[in-house]
Amino acid sequence: MAKKVFGIILTVLGGIFLLMALIFGLVFGGIGTAMNSASNSGVDYSQDSNYASCKGEVIDVDDSKTSVQYEADGDLYIVELNMTNSAYPVGTAVTVYYNKVKPEECSVPEIAEATFGTIGGVFSGVGIGLFICFTVIGIAGLISGILLIRSSAHKTDTPQE
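All of the points below concern the structure found in this document.

Calculation rules
Residues numbered from 1 in each chain as written. Predicted model: local features only at pLDDT ≥ 70, side-chain atom pairs only at ≥ 80, totals over all residues. Heavy atoms only, no water. Phe/Tyr/Trp six-rings, centres within 6.5 Å; stacked < 30°, edge-to-face > 60°. Helix = DSSP H or I, 4+ residues; strand = E, 2+ residues; numbered from the N terminus. Buried < 20%, exposed > 50% of the residue type's maximum accessible area, 1.4 Å probe, protein only. Patch = residues over 30% accessible without salt bridge, like charges linked within 9 Å, V, L, I, M, F, W, Y side chains within 5 Å. Areas by Shrake-Rupley, 256 points an atom, 1.4 Å probe, with all protein chains shown as cover. Salt bridge = Lys/Arg side-chain N within 4 Å of Asp/Glu carboxyl O. Pairing = 2+ DSSP bridges.

To continue, consider the packing of aromatic side chains. Within the structure shown, the criterion is met by six aromatic pairs. Considering the side-chain rings of F17 and F134, the 5.4 Å spacing of their centres and the 25° angle between planes classify their relative orientation as stacked. With a gap of 117 residues between them, F17 in helix α1 (residues 2-40) and F134 in helix α2 (residues 109-154) connect regions that are remote in the sequence. A residue is classified by how much of its surface remains accessible, and F17, at 23% relative accessible area, is partly exposed. For the pair Y70 and Y77, a centre-to-centre distance of 5.4 Å together with 20° between the ring planes defines the contact as stacked. Given a relative accessible area of 17%, Y77 falls into the buried group. Three or more aromatic residues joined by ring pairs make a cluster, and in this case those are F17, F24, F28, F123 and F134.

The following block contains the structure:
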């Protein structure tokens, strides 16, 4: 009887782990896909007549922001981006797209795309890892539970003398 109860518990836990694998796979995979899409769906500033491009340089990087310096119409500007990426250390040359009418309004798409792409890759990797782990544990629990239930059903208790 104990084998049957333990088998039922393993089967239920196996099913729960498979459900968790599906949820983790969908959630982390969805977040990763969204981040990767965000990294590739930026505005094409090179085709926008309201924007001009120039070379800029990363001048400061800390835990939460990257500062880029650029020159537009003879004036020097500094923009602080609320993101960092280790591929863009201080001194890295970047392309800055600035508004021709308001040069202080700008974008540095290559840093944003690289950052969102990295975050998307991390989420996708974590999702795949969790999906695999929970799937293996869930299948092992289901198979073990079913085998225990079947083995307890086929055995008959012999009276002891």
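Once you've had a look at it, read on.
In this section: a nonpolar patch on the surface. Residues M1, V5, I8, I9, V12, L13 and I16 make up a contiguous nonpolar surface patch of roughly 660 Å² in combined accessible area. Checked against the element boundaries, I9 lands in helix α1. A residue is classified by how much of its surface remains accessible, and I9, at 44% relative accessible area, is partly exposed.

If a strand is regular, its side chains alternate between the two faces of the sheet. Strand β2 (residues 66-72) sits mainly inside the fold: five of its seven residues count as buried. Here strand β1 (residues 51-61) folds back onto β2 in antiparallel fashion, the turn holding four residues. Linkage of β2 to strand β3 (residues 75-81), two consecutive antiparallel strands, is achieved through a turn of two residues, within which D73 is found at a positive phi near 55°.

All we've got here are geometric facts, nothing functional implied.
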